[in-house]
Amino acid sequence: MDLRIFTEPQQGATYDTLLTVAKATEDLGFDAFFRSDHYLRMGNVSGLPGPTDAWITLAGLARETRRIRLGTLMTAGTFRLPGVLAIQVAQVDQMSGGRVELGLGAGWFEEEHKAYGIPFPKDKFARLEEQLEVVTGLWATEAGKTYDFHGKYYDLTESPALPKPAQSKVPVIIGGHGAKRTPRLAARYASEFNIPFASVEDSARQFGRVRAAAEEEGRAPDSLVYSNALVVCVGRDDQEVARRAAAIGREPEELKANGLAGTPAEVVEKIGRYAEAGSERIYLQLLDLTDLDQLELISAEVMPQLS
């Protein structure tokens, strides 16, 4: 079971804060540092000092880390044209020495689009399908050849399909709860399927749909990685769990029901239930980015029990 750290910087974080968390992620033995791709805070927080851009952040971290994987859950397809996104991700992959992964979704948070003047089309899912075709098609085009794509939403003619990523194939992550179209897209384009903030039972059901879609696509279901994203709140005892829950404005029992919360032993037990449902990787949504002691606790008392 891989454990990755997943941050939500739109809730309030500077680049320096994210760098500190990323370095701790690397030093403490976690597999990867991921971040959301949002421009507006959610809920009752200030969001100060304001948003940071996902791919600019990852470009900086690419030069200041050495081992951990770096990526997004999820880049919003509404934010960037697919040709531009392919260039950005390829460049950051080069800057990192081949450690980048692209989580790509349709985009959903209408308010942030209104706040920053970003178009919010109704047909986002159909656009996402073309975006995936374009991004992966550009990367797969042989050097010296050109790429053409003529779709309903995007039109590329004689693209040099450059630059190329450092990796021969950048892992693409597709996720969500959709019962039909999402599994089909994952089976066609993804290296990994992720389901965010879902129960053990819902995860097992959705993993099954993706595995069936892969078979229909003529692909081995085990060729995908299956993962979860879950809020984390770990403490040495109930008092520490309660303190950490209060710091992120949540209740301990709610966190235990809907995430990975409790003592290390409780969290290990619940991770085991997700593993039985088919999960191979968990993104730990870390909401208090100042609490590096929690990362140390997970590294010392949770990770060793998962190997």
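Model, not experiment: these values are computed from the prediction.

### Structural notes on the pattern of salt bridges
Then comes step 1: As enumerated under the stated definition, the model contains 23 salt bridges in all.
Then comes step 2: One salt bridge in this structure joins Asp-202 and Arg-205, with 2.6 Å as the shortest N-O distance. Residue Asp-202 and its partner Arg-205 are located together in helix 7 (residues 200–216), separated by three residues, close to a single helical turn.
Then comes step 3: You can call Arg-205 partly exposed: its relative accessible area is 45%.
Then comes step 4: What emerges from the salt-bridge pattern is a single network uniting Arg-236, Glu-240, Arg-243, Arg-244, Asp-291 and Asp-293.

### Describing the side chain of Gln-167
Then comes step 1: With respect to the helices and strands, Gln-167 occurs in the loop between strand 7 (155–159) and strand 8 (172–175).
Then comes step 2: Here Gln-167 falls in the buried class, since its relative accessible area comes to 15%.
Then comes step 3: Separated by 2.8 Å, the side chains of Gln-167 and Arg-69 make a polar contact.
Then comes step 4: One polar contact links the side chain of Gln-167 to the main-chain carbonyl oxygen of Val-100, over a distance of 2.8 Å.
Then comes step 5: Setting aside residues up to four positions removed in sequence, Gln-167 forms contacts with Arg-69, Asp-93, Gly-98, Arg-99 and Val-100.

### What to know about the environment of Arg-243
Then comes step 1: Here Arg-243 is to be found in helix 8 (residues 238–247).
Then comes step 2: Along the chain, Arg-243 and Cys-233 lie ten residues apart, while their C-alpha atoms are 9.5 Å from each other.

### Regarding the nonpolar core
Then comes step 1: By size, the foremost hydrophobic cluster in this structure holds 77 residues, and its most contacted members are Leu-3, Trp-55, Trp-139 and Leu-284.
Then comes step 2: The greatest single-element share of this core, amounting to seven residues, is contributed by helix 5 (residues 124–140).

### So, the packing of aromatic side chains
Each aromatic ring pair is summarised here by two numbers: the centre-to-centre distance and the angle between the ring planes.
Then comes step 1: This structure, assessed with the given rule, holds six aromatic pairs.
Then comes step 2: Summarising the aromatic geometry, the rings of Phe-193 and Phe-207 are spaced 6.4 Å apart at their centres and angled 90° between planes, so their arrangement reads as edge-to-face. In this pair, Phe-193 is assigned in strand 9 (residues 192–196) and Phe-207 in helix 7, connecting sequence segments 14 residues apart.
Then comes step 3: The exposure class assigned to Phe-207 is buried, which follows from its relative accessible area of 3%.
Then comes step 4: Each member of the aromatic cluster is reached from another via a ring pair, and the members are Tyr-39, Phe-79 and Tyr-116.
Then comes step 5: In this arrangement the basic side chain of Lys-124 is found over the ring face of Phe-120, its NZ or CZ atom lying 4.1 Å from the centre.
Then comes step 6: Positioned over the ring face of Phe-125 is Arg-181, at 4.2 Å from the centre of the ring.

Cut-off values and rules
- Residues numbered from 1 in each chain as written.
- Predicted model: local features only at pLDDT ≥ 70, side-chain atom pairs only at ≥ 80, totals over all residues.
- Heavy atoms only, no water.
- Salt bridge = Lys/Arg side-chain N within 4 Å of Asp/Glu carboxyl O.
- Helix = DSSP H or I, 4+ residues; strand = E, 2+ residues; numbered from the N terminus.
- Buried < 20%, exposed > 50% of the residue type's maximum accessible area, 1.4 Å probe, protein only.
- Polar contact = N/O pair within 3.5 Å; in protein donor to acceptor, adjacent residues only side chain to side chain.
- Contact = heavy atoms within 4.5 Å.
- Core = buried A, V, L, I, M, F, W, Y, C linked by side-chain atoms within 4.5 Å.
- Phe/Tyr/Trp six-rings, centres within 6.5 Å; stacked < 30°, edge-to-face > 60°.
- Lys NZ or Arg CZ within 6 Å of the ring centre and 35° of its normal.

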